[in-house]
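Residue-level listing of the chains:
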Amino acid sequence: MVQFKSLAIVAALAVTIVASDSDCQLPQHSKYTGFSLKLGSGCTQYVHCQNGAVSATKTCPVDTLYTGDVGQGGICNWAAMVECKDDTPMTTTTAPPPTPSPTEKPTNNNNNGSTSGGGGVQQQQPSSTTNNPNKYFCGLNKQDAKQNCFPCPSGSLAECSNRMHGCFSGVDANCPAATNNFAPTGSTSLSNEYSSGGNASKLASNLRIAIRMEKNFDHSADCSLGDWGLCHTQSFMLDYYGQDDYLDNQFKIYFSSIHDELASDYNGFVSALGCREAFKLEKLGITYRVPPPGASIDSSGILTANSEMPCTDIMFSIDEGDTWIKYSSPVGVGVGKVVSVRSTSSNGVLKSRIVVIDEECNDCGENVDTQIENPKQFFCGSNKQDASQNCVPCPTGAVSECVNPFHGCIEGVVECTLFGVSDSQQGEGQNGVSFNYASKLALNLRVNIQMQKNFEHGADCSLGDWGLCHTQTLMLDYTGEGDYLDNQFKIYFSSIHRVLQVNNPGFVHEHVVGDLTYIKPTSSFQGFQSNTRIVLPLVLEYWSVQETDNMPRWFVVDDRDQSTAIIGNTNTENMHNFVLPYTSTLKTASDANVHMTTANRFSLNKKMVEEVDASHRIIPTPYQTTVTNDAETFDIFGISITNGQLLGGHRSGAAGIMSKLGLNENGDHEVLFSLSSLPPDVAGPESYTMQITTSGTTITGTDAPGLFHGFMSFIGLLDVTNSDRMTLKEMTVYDKPRFGYRGHQVDVARNFRSKDAIMKTVDAMALWKLNVLHLALTNDEGWRLEIPGLEELTSVGSKRCFDPNENTCLLTQLGSGPDAEEEQYYTREDYIEILKYAGERNVKILPEFNMPAHARAAVISMEARAKKGDDSYRLTDPEDETFMLTIQFYDRTSIINPCLDSSVRFVEKLVREVKQMHDEAGIPLDSYHFGGDEAKNILLGPGYASYSDELKQQPFSKSPSCQAKLDADSSFDIENIANYWAITVNKILAENEIKEMVAWEDGLRGTTKEQYETESVAVDFWETLYWGGINGLADMADDGLDIIMANPDYLYFDFPYEVDPAERGYYWAARFNSVHKVFTFAPENLAQNAETSLDRDGNEMSVTTPSVPKPTIRGMQGQTWSETIRTDAQYYEMAFPRVLAVAERAWHRASWELDWTPGEVFDATTGRVPKDELASDYNGFVSALGCREAFKLEKLGITYRVPPPGASIDSSGILTANSEMPCTDIMFSIDEGDTWIKYSSPVGVGVGKVVSVRSTSSNGVLKSRIVVIDEECNDCEYDDDINGEPSILTNNNGGNVNRDPTTPTSGNGGTSTDIQNPGMSFGNNCGKTLLRTSYLGYLFLFGSW
């Protein structure tokens, strides 16, 4: 009898007779219900499984095939077959199938050409074309259907059991007779691929294979032989269609399987994709799909998450998306929580869709059973140390008990038994990381900081520099439902001020390195009680007047597993999430600075700012602009360029800027470029003339940079708010630069700036004629440029995390948190791209590699390399025992040891690689910035007199390498290592044909030009005026060094814009640096600035011009240090629009700037500066800035700072408001910000109202911070004093963490009798003391102007 056979082979065939429950534990089922197949001697045995247990055993004759799941009565025949699915009878066949005719295969009672297969699978039957007039056959395609000869006469897909088959019509199946459907080998009815002849073909031609994938996990199969115990299950179905039974057993079926390699291959692929290639997609501008994460929450409220794409960040939220927390390891979120999760690209730009999780993934982790006997202390881990942290037991010693494929089962892990497996240690998640202890505390903890006093606080300040300290209150709010009694934790945080005392017996503190400090509980700690607060009074060094002194991302580290977790409310850039608003801005009792309020800002704006017609004002101001009385004003509709090729390499840069500004290059106004000689008074590099008429514009220069600058001036006149129609006025311009060096410095080391931010900065620099971008690429906190052959500089030095050994990253600093960040650096290709981009826009990149000090990122990176066996570039002497404390509180690892040959070798390698990048970009490396600043032990300073002498050691004084150098070379001066290293590096630069070395001036102080080998040596001069900076300037000029003005009290953009605690920034050299203050800086006559500004404490200065010839100033630049600037948006706000004020002063010398006159004295009363001219000049500048140039910044993608408005409410409830930036919109709200109304003129808001006000850019996109005004101070205007003498009230406040604060200054003690200025008087208004100033007192009143 011919039978159709379908054997579902689901496990390896074995010879056995006795059935057991193990026969029901099939790979694809944990509790299988159905039949398992066993092959015995001479019979076929079926084991019926019910929920994983044997319920019956069936044995059928070999000539009978059991075709159902349950044989009624326990017999293997066709009498009654019940098809079952999940224990539920589906169909019953009560009659035996018909005996097949010689031309047919058996069919079932459904008459669909198939019989009921195991588990209800319908098996296709070959047939002739009888009753199939449309020639419907099953197959992958027509050719496949032609070979299969499986009919589907009705045309229904359901007649084809193969899931991959369709039902095709019109198939000439070449099956003339059923008897020849599957003819013997050699039959002409078979295609050649089935008719090769031989015994094998007798079986092969009548055999079909089907493969069904079952499960990758949850299958209970024995995976002990798989790599890392991994395996999956499949079903192989062998369908035999021969007319007669095939009883031979002398055959093998060979097949290829890639699954030994597939998993490994895919994991390599997807790891490369997620960890490297995805970032390239972003760089190409392709916003690829970020897959949503998987997640599970167990019964203890532990969230575990993972992603299908490695290196993808996972974020979770327990407040419906209001706050997002970075997931790094299993974390407690609370029982019954619904948690939102999403994935993001490593830089956070691209995001997956948000998904939610509120349930546990069944059986998808290593379970921890604390009751299991584990006498041999078997625990899962990649090694013993890892296992001691995970504490996930595998008591039998089998690796299958560890779900992490990278884990083994390690014997003798005694550490886990020391404290057991606590209730909080639930087990290992899918990623193999223990559910961490730290998250248990961090998730229920809130940090709040309240500033107390900078002075008159009675604290012991003896350990502070010059005995200075301030007090704060740290409040730890525990919100957990149950008490937290563990004490094996530390709370880490960044503090720019050293913590001197923690006045709570339950906690102590310890400084780690840099700004990283922790507090930890003592034996007196009684735990966190549920919903209670612990208060820790703190004493910290110096003073604090800015809320941004406090750094975000505080985190918990648990000593038991070294797990980390960020305290949620500190994971923010909104300081008020954990810092209570500061109420005082005074550093000391003699601090004369006054808090900028909304009311006095209104008064300053009213007296200071007047919007004027700036339609013909170019920023920066040209050398000479002529607009005749009869000059026509006309409209243009785009521009057309003639002779654009004369721009040379700058042509593409100009086109790029035009495109970003939306300028039409196919317009009606011709711009003609011409190379020709210029009049003598403007002849020189980068100079140009420009003639604008109704018929076109002609720009003439002697070089391509001059033509480029002329074109930027032309663009500067255009109002691009409507680039389709713009207005011009006829004029003639003669122009040349004031300085050849017009720079902007960006610190990308402390906190990284994206390549996009650098490109946008270059665009702005080009538009306003700055020509040197000083990239500070390295510092203690980061190394940001790939150097081939020194891979650790970026693999370790470009990221910060919590790695106490610093083998994988630098220890976290500046509020960056504990999690290893993406390696943040410019690749070699990035840097070359930046060089080319800048070169096209006439901007030179000046790379800075700071050394010997501020070099910790390099030192630690090379130490990581040395630990791997290569010390050829080591930068520190491992035997050095010198104690040091650097200016940012690092140890000797912050300074490169100059006595090591390997240090010299490092610099040689670095210089060669950077030079090669420049050469490849076609931009020669002409200038190299050495850094050189602050290579000292601050404890040697006079402010630390109370410290032990044994702590006051010269750098490297206990280095055996330096001692050997001293013994060999008597000229080596260990007290001047910066000078020694500068000369050493300079020699390397000269050997590499680099023409110039630039450095911070203190690194070269004490040397002269003759000691260096490069053609030029320049210094960034960064001394403050009020500490005698003008004398230092004269000294540097006498040494023959080129001088670039970088004065922090005027040109540091990491300082606040005004005296307000909510402003961002440091303040050690100036309490504020406003746009107006930068604009009024006189770089070539430092003494003049004493008449127009005050010192950092808000007091007048008296400065005498040294009796030496005027120093030659090569240029000036603004500095944007980034300690408190963590994002690109923050950078844009801090740098712009102050950059435009630097561009103005660097390109143009104003008429109100006076000549250097030896012996001349300036102070607030001298009256030499023509202030009417200054005011007129500033109004033109700020009107052009606010009404025209600000919109260009927006078009360039730069989100500049919009200043908050000033406002006043009089006794009648009339609101009046103004802005320091003309054309800025002002909005007000009388309902605490729920509704905003545009302010256009004085408006009634009601008596007694508290009104919120803010400014916005003209298109409403950018907004200032919100400030409030009420009627309490209803008339804060300041009348001119009758004597008409100029006076000044306030300027810079300090907050110095690294400068001598004891230089004598004058000032008041906060009462009217302390002010000694005839141009000022006191009055009383609204119950408050009112300060009245003479004319121009408003220029600097209250630290804004």
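Use the structure listed above.
For the structure given in this document, a descriptive report is provided here. Values in this document were obtained by computation on a predicted structure and should not be read as measured data.

## With respect to the pattern of salt bridges
Evaluated as defined, the whole model comprises 54 salt bridges. With a closest N to O distance of 2.5 Å, Lys 660 and Asp 763 form a salt bridge. Of the two residues, Lys 660 sits in helix H8 (residues 650-661) while Asp 763 sits in helix H10 (residues 755-767), which places them 103 residues apart along the sequence. Looking at Lys 660, the relative accessible area reads 33%, which means it is partly exposed.

## Re the nonpolar core
Phe 711, Phe 714, Met 851 and Phe 906 are the most contacted members of the largest nonpolar core, which totals 169 residues. Ranked by residues supplied to this core, first place goes to helix H24 (residues 1171-1195) with 9 residues. Setting aside its immediate chain neighbours within four residues, Phe 906 contacts Trp 783, Leu 790, Leu 793, Met 851, Ala 858, Met 862, Tyr 873 and Leu 875. Counting residues in each nonpolar core, the second largest holds 32 residues, with Tyr 478, Val 499, Phe 507 and Phe 578 among its members.

## Structural notes on the sheet that holds strand E37 (residues 696-701)
What the 6 strands build is an open sheet, ordered E32-E39-E36-E37-E35-E34; its pairing is mixed. Bordering the open sheet on either side are strand E32 (624-626) and strand E34 (639-642), each of which pairs with just one other strand. Neighbouring strand axes in the sheet, compared pairwise and without regard to direction, differ in orientation by 15 degrees on average.

## Topic: helix H18 (residues 1029-1038)
If you check which residues of H18 are buried, you get Gly 1029, Ile 1030, Gly 1032, Leu 1033, Ala 1034 and Met 1036. Against helix H17 (1001-1004), strand E49 (1016-1021), strand E50 (1042-1045), strand E51 (1103-1104) and strand E52 (1113-1120) lie the buried residues of H18. Downstream of H18 by a residue or two, Gly 1040 has a phi angle that is positive, lying close to 80 degrees.

## Quick look at the sheet that holds strand E28 (residues 516-521)
With respect to topology, 5 strands assemble into an open sheet ordered E27-E28-E25-E30-E31, the strand pairing being antiparallel. Pairing within the sheet leaves two strands with one partner each, and these edge strands are strand E27 (507-513) and strand E31 (564-566). If you compare each strand with its neighbour and ignore which way they point, the axes differ by 25 degrees on average. Where strand E25 (residues 489-494) meets E28, 4 bridges bridge the pair, whose relative direction is antiparallel. Of the residues in E28, the one forming a bridge with Ser 494 is Leu 516.

## Thoughts on the environment of Asp 549
Examined against the element boundaries, Asp 549 turns out to sit in the loop between strand E29 (532-541) and strand E30 (555-558). For Asp 549, a relative accessible area of 4% puts it in the buried group. For Asp 549 and Thr 1124, which are 575 residues apart along the polypeptide, the C-alpha to C-alpha distance reads 7.8 Å.

## Quick word on unusual backbone geometry
Omega for the bond connecting Ile 619 with Pro 620 falls within 30 degrees of zero, at -5 degrees, which places this linkage in the cis form. Look at the link from Phe 1136 to Pro 1137: it is a cis peptide, with omega at 15 degrees. For Pro 1137, the location among the structural elements is in the loop between helix H22 (1128-1135) and helix H23 (1138-1147). The backbone phi angle of Arg 553 is positive, close to 60 degrees, even though this residue is not glycine. Within the secondary structure layout, Arg 553 lies in the loop between E29 and E30. The exposure class assigned to Arg 553 is buried, which follows from its relative accessible area of 16%. Of note in this structure, Phe 956 is not a glycine but carries a positive phi near 65 degrees. Among the structural elements, Phe 956 can be located in the loop between strand E47 (927-931) and helix H15 (960-968). Given a relative accessible area of 0%, Phe 956 falls into the buried group.

## Section: H24
Here H24 contains 25 residues, and its C-alpha end-to-end distance of 34 Å stays within 8% of the 36 Å for a straight helix at 1.5 Å per residue. Maximum bend of H24: about 45 degrees, positioned at Glu 1189. Burial within H24 is extensive, with 20 of its 25 residues counted as buried. One or two steps after H24, the chain reaches Gly 1197, where phi turns positive at roughly 85 degrees.

## Some words on the packing of helix H14 (residues 901-921) against helix H16 (residues 977-991)
Look at H14 against H16: their axes get within 10 Å of each other, and the N-to-C directions meet at 40 degrees. When the axis of H14 is compared with that of H16, the two are oblique. For the pair H14 and H16, the crossing hand works out as right-handed. Where H14 abuts H16, its residues Ser 903, Val 904, Val 907, Glu 908 and Val 911 lie against Trp 981, Thr 984, Val 985, Ile 988 and Leu 989. Each residue belonging to the contact of H14 with H16 can be placed in one class, and the counts come to 7 nonpolar, 2 polar and 1 charged.

## Topic: the pairing of strand E46 (residues 844-851)
The two faces of the sheet receive side chains in turn, since in a regular strand these alternate between them. Of all 8 residues making up E46, 7 are buried, and the element is well covered by its neighbours. The pairing of strand E41 (residues 772-776) with E46 spans 5 bridges and is parallel. When the bridges of E46 are listed, His 774 appears paired with Leu 846. Where E46 lies against E47, 2 bridges are found, and the strand directions are parallel. Along E47, the bridge assignment pairs Glu 848 with His 929.

Cut-offs and rules
- Residues numbered from 1 in each chain as written.
- Predicted model: local features only at pLDDT ≥ 70, side-chain atom pairs only at ≥ 80, totals over all residues.
- Heavy atoms only, no water.
- Salt bridge = Lys/Arg side-chain N within 4 Å of Asp/Glu carboxyl O.
- Helix = DSSP H or I, 4+ residues; strand = E, 2+ residues; numbered from the N terminus.
- Buried < 20%, exposed > 50% of the residue type's maximum accessible area, 1.4 Å probe, protein only.
- Core = buried A, V, L, I, M, F, W, Y, C linked by side-chain atoms within 4.5 Å.
- Contact = heavy atoms within 4.5 Å.
- Pairing = 2+ DSSP bridges.
- Axes fitted to C-alpha atoms, helices over the stretch in contact; angles between N-to-C directions.
- Expected span 1.5 Å × (residues − 1).
- Bend = angle between axes of the 7 residues up to and from the residue.
- Parallel < 35°, antiparallel > 145°, perpendicular 65-115°, else oblique.
- Left-handed = near helix turned anticlockwise from the far one by under 90°.
- Nonpolar A, V, L, I, M, F, W, Y, C, P; charged D, E, K, R; others polar.

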